[in-house]
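Spelled out from the first residue to the last, the chains are:
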Amino acid sequence: MKKSIERRKPKGIVDHLSIALTTFGVGYFPIAPGTWGSAVAVLIYVGIGDLVSSVRNNELGFFVGLSQATVWAVIAVTLFLFILLGIWASNRTIDILGSTDPSQAVVDEVMGQLIVFAFVPFGVGWPLILVGFLLFRFFDIWKPYPINDLQILPGGLGICADDIVAGVYAGICLSIIYATGFLS
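The rules we used
- Residues numbered from 1 in each chain as written.
- Predicted model: local features only at pLDDT ≥ 70, side-chain atom pairs only at ≥ 80, totals over all residues.
- Heavy atoms only, no water.
- Axes fitted to C-alpha atoms, helices over the stretch in contact; angles between N-to-C directions.
- Helix = DSSP H or I, 4+ residues; strand = E, 2+ residues; numbered from the N terminus.
- Parallel < 35°, antiparallel > 145°, perpendicular 65-115°, else oblique.
- Left-handed = near helix turned anticlockwise from the far one by under 90°.
- Contact = heavy atoms within 4.5 Å.
- Nonpolar A, V, L, I, M, F, W, Y, C, P; charged D, E, K, R; others polar.
- 1 Å grid on protein atoms, 1.4 Å probe; cavity = no way out; pocket = protein on both sides within 12 Å on 5 of 7 lines; lining within 4 Å.
- Points joined across faces, edges and corners; volume = space filled by probe spheres on them.
- Phe/Tyr/Trp six-rings, centres within 6.5 Å; stacked < 30°, edge-to-face > 60°.
- Buried < 20%, exposed > 50% of the residue type's maximum accessible area, 1.4 Å probe, protein only.
- Lys, Arg positive; Asp, Glu negative; His and termini not counted.
- Salt bridge = Lys/Arg side-chain N within 4 Å of Asp/Glu carboxyl O.

Colleague: Looking at this structure, how should I read the packing of helix α5 (residues 126-142) against helix α6 (residues 155-180)?
Modeller: Describing two packed helices takes the angle between their axes plus the distance from one axis to the other. Running from N to C, α5 and α6 cross one another at 140°; their axes reach a closest spacing of 8 Å. Here α5 lies oblique to α6, going by the angle between them. Where α5 crosses over α6, the handedness of that crossing is right-handed. Contacts between α5 and α6 involve Leu 128, Val 131, Gly 132, Leu 135, Phe 136, Phe 139 and Asp 140 from the former and Asp 162, Asp 163, Ala 166, Gly 167, Tyr 169, Ala 170, Cys 173, Leu 174, Ile 177 and Tyr 178 from the latter. The class makeup of the residues in the contact of α5 with α6 is 12 nonpolar, 2 polar and 3 charged.

If you want it as structure tokens, here you go:
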């Protein structure tokens, strides 16, 4: 839950990098920063999808010989490391932004939205991408059990855990829609 705390000024490059990662440049938007953070994740997903498509088509010489399983493993490990880095950056910026769950922190929305898309293959069409975006925003705002309760966790984990679970809920729903072929 949000609670104001005494703010401090950023000190050094690590604080500035933490703020940049935590806000993704859109966290300071006055209207719906979380939605903008989710939109950033959609752009990241589409960019990674283009890269994966290039790997599949052997258009990038330095990826020749990599199997799809290897590419997926690299993406999964990268997402996991990004989540850990996001939790760390969120924790570091709590006192800089002056809140235990600052609205400027959108890295949690970025990671949650990326988790949604981990439940479907790259290359799904824009209708499924839009549904995945809307499902994540729905679960992130509604916060069904235990999502809302996760916000009481300390520090960056409390900032991010609810969005991680919202991403899993939305991802399960999106994978069911994908599997049924409803939006093919």
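That was the structure; now back to the text.
Colleague: Just checking my understanding: could you explain the layout of surface pockets for this structure?
Modeller: If you roll a probe as big as a water molecule over the atoms, it shows you where there is empty space left. Estimates place the volume of the largest pocket at around 450 Å³. Lining the largest pocket are 21 residues, and of these Ile 48, Ile 75, Ala 76, Thr 78 and Phe 122 sit closest to its centre. Elements that contribute at least two residues to the lining of the largest pocket include exactly α2 (33-56), α3 (68-97) and α4 (107-117). Residue contributions to the lining of the largest pocket peak at 9 residues, all from α3. Taken together, the residues of the lining of the largest pocket break down into 19 nonpolar, 2 polar and no charged. Taken as a whole, the second largest pocket holds about 260 Å³ of empty space. Contributing to the lining of the second largest pocket are 19 residues, with Lys 2, Ser 103, Asp 108, Glu 109 and Asp 140 lying nearest its centre. Listing elements by their share of the lining of the second largest pocket, those giving two or more residues are α2, α4, α5 and α6. By residue class, the composition of the lining of the second largest pocket is 6 nonpolar, 4 polar and 9 charged.

Colleague: Which parts of the structure should I look at to understand the packing of aromatic side chains?
Modeller: Working definition: an aromatic ring pair is given by the centre-to-centre distance plus the angle between the planes. Across all of its chains, the model carries 9 aromatic pairs by this definition. Ring geometry for Phe 139 versus Tyr 169: centroids 5.7 Å apart, planes at 80°, classification edge-to-face. Of this pair, Phe 139 sits in helix α5 while Tyr 169 sits in helix α6; the two residues are 30 residues apart in sequence, bridging distant segments of the chain. For Phe 139, a relative accessible area of 9% corresponds to the buried category.

Colleague: Hey, could you run me through the side chain of Glu 109 in this one?
Modeller: Secondary-structure assignment places Glu 109 in helix α4. The side chain of Glu 109 sits in the buried core without any salt bridge; Arg 137 is the nearest counter-charge, 4.2 Å away. With near-sequence residues (within four places) excluded, Glu 109 lies in contact with Gly 34, Gly 37, Ser 38, Phe 136, Arg 137, Asp 140 and Asp 163.

Colleague: Hey, could you run me through the packing of α4 against α5 in this one?
Modeller: With their axes 10 Å apart at the nearest point, α4 and α5 run at an angle of 130° to one another. It follows that α4 is oblique to α5 by the angle criterion. The handedness of the crossing between α4 and α5 comes out as right-handed. Note on element contacts: α5 touches α4 through Ile 129, Gly 132, Phe 133, Phe 136, Arg 137 and Asp 140, opposite Glu 109, Gly 112, Gln 113, Val 116 and Phe 117. Residue composition of the contact of α4 with α5, by class: 5 nonpolar, 3 polar and 3 charged.

Colleague: How should I be thinking about the side chain of Ser 38 in this particular structure?
Modeller: Tracing the backbone through its elements, the reader meets Ser 38 in helix α2. In contact with Ser 38, other than residues within four places in its own chain, are Glu 109, Gln 113, Phe 133, Phe 136 and Arg 137.

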